[in-house]
Amino acid sequence: QIIMIKNVPNSLANKRLDKVSAELFPDFSRTQIKKWILEGRIIVNGELSRPKEIVQENDEIDINPIEEKKVSWSAQDIDFEVHHESDDFIIINKPAGLVMHPGSGCYDRTLANGLIFRYPELANLPRSGIVHRLDKDTSGLLLIAKNEQFRNYFIDQMQQRKVIKEYTAIVVGSTLGSFSIDEPIGRDKFNRTKMSIRPDGKEALTFVRSSERVGNYSILDITIETGRTHQIRVHLSSKKLPIVGDNTYDPRKSIAKDSSERLIEIIRSFSRQALHARFLSFICNKTQNEISFNIQLPTDMESLIEDIKKHS
């Protein structure tokens, strides 16, 4: 049995996830569907959701109904760095370019395949213990649960917004001080691989602080209160501060005014969105003390900052 993926048709838009899932997957009872949503076996656009959440047209719902062995993905030797490990969880430093788990269009060579290669016991957890996600081309800190008890605890902490996630982004445009972006995000009506700001979307809250301004580019510190798909990328793009290298939300490859020819070349050739998850913090389930992890910028983003400084 494999993961099944379906997109929400217009006729089921703006209805509750549990009701829509029951319509899309009629082989399973409503009770079973609700249980699976709570267990994280049914997710929307790659995100854990609640039964009562409203879904929109083209939202991607995938269901993993397998009871015993909860992933059908094969173990593969994938390169990723383990930053910290405890009895309950693993913190990894995800490299840019690594997809989280098999899904539409990507069937193997994902982080999930690599996790069950290194930790075969994770095959017994939904989604190989993955409880939150980073986009394929975003690097940085990611937590993987090692057992069902901690998995449920961490999901609950995220839903209560007690998990702190901070990022660094390099953007086109200059900004000073700090500001928040409170704009709902949903699946783009015209392109189902993109997200967009739309009034019927899910609440999304991003806090932005300017860390450093270099010429007409900025290095931003970002904290997210919610974890919507592509949230930071959509929000910054909406404020005319596109992330360098983000071909999805800045397809024209914006260049700041007064950039030298060499800098234009460097910016246009940067091969992924310059976004890195550098800090993760939550309350430890055993000690009830705050536990936090920090990781430095990857070399490609460090080099990009040096190049902007040198050629601005």
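Everything below is about the structure printed above this text.
Residues numbered from 1 in each chain as written. Predicted model: local features only at pLDDT ≥ 70, side-chain atom pairs only at ≥ 80, totals over all residues. Heavy atoms only, no water.

Trainee: Mind showing me how you'd approach helix α3 (residues 111-118) here?
Mentor: Along an α-helix, a turn takes 3.6 residues, which lines up residues three or four apart on a common side. Among the eight residues of α3, six are classified as buried, and the element is accordingly described as predominantly covered. Turning to α3, its buried residues are Leu111, Ala112, Asn113, Gly114, Leu115 and Ile116. Taken together, the buried residues of α3 touch β8 (89-94) and β9 (139-145). For α3, the N-terminal capping position is held by Thr110, with its side-chain oxygen 3.3 Å away from the main-chain nitrogen of Ala112. (Buried < 20%, exposed > 50% of the residue type's maximum accessible area, 1.4 Å probe, protein only. Helix = DSSP H or I, 4+ residues; strand = E, 2+ residues; numbered from the N terminus. Contact = heavy atoms within 4.5 Å. Polar contact = N/O pair within 3.5 Å; in protein donor to acceptor, adjacent residues only side chain to side chain.)

Trainee: Is there a simple way to think about the side chain of Asp188 in this case?
Mentor: Topologically, Asp188 is positioned in the loop between β12 (185-187) and β13 (195-197). Buried Asp188, no salt bridge; nearest opposite-charge side chain is Lys194, N-O distance 4.9 Å. Among the polar contacts listed, one links the side chain of Asp188 to the backbone nitrogen of Phe190, at a separation of 2.7 Å. Here Asp188 is in contact with Lys194, Met195 and Ser196, once residues within four sequence places are set aside. (Lys, Arg positive; Asp, Glu negative; His and termini not counted. Salt bridge = Lys/Arg side-chain N within 4 Å of Asp/Glu carboxyl O.)

Trainee: Would you explain the side chain of Ser49 in this entry?
Mentor: Tracing the chain through its elements places Ser49 in the loop between β4 (47-48) and β5 (54-55). Once residues within four sequence positions are removed from consideration, Ser49 is found in contact with Leu17, Ile37, Val44 and Lys202.

Trainee: Mind showing me how you'd approach the nonpolar core here?
Mentor: Counting residues in each nonpolar core, the largest one holds 51 residues, and the members touching the most others are Leu111, Ile144, Ile222, Leu236 and Leu304. Setting aside residues no more than four positions away along its own chain, Leu304 makes contact with Ile170, Val244, Ile266, Ile267, Phe270 and Ala274. (Core = buried A, V, L, I, M, F, W, Y, C linked by side-chain atoms within 4.5 Å.)

Trainee: For this particular structure, what's the right way to read the packing of helix α6 (residues 261-269) against helix α7 (residues 299-311)?
Mentor: The packing of two helices is summarised by the inter-axis angle and the distance between the axes. Running from N to C, α6 and α7 point in directions that differ by 165 degrees, and their axes come no closer than 9 Å. Regarding the angle of α6 to α7, the classification is roughly antiparallel. Seen along the crossing, α6 lies across α7 with a hand that is left-handed. Taking contact as the criterion, the partners of Arg262, Leu263, Ile266 and Ile267 in α6 are, on α7, Leu304, Asp307, Ile308 and His311. Taken together, the residues of the contact of α6 with α7 sort by class into five nonpolar, one polar and two charged. (Axes fitted to C-alpha atoms, helices over the stretch in contact; angles between N-to-C directions. Parallel < 35°, antiparallel > 145°, perpendicular 65-115°, else oblique. Left-handed = near helix turned anticlockwise from the far one by under 90°. Nonpolar A, V, L, I, M, F, W, Y, C, P; charged D, E, K, R; others polar.)

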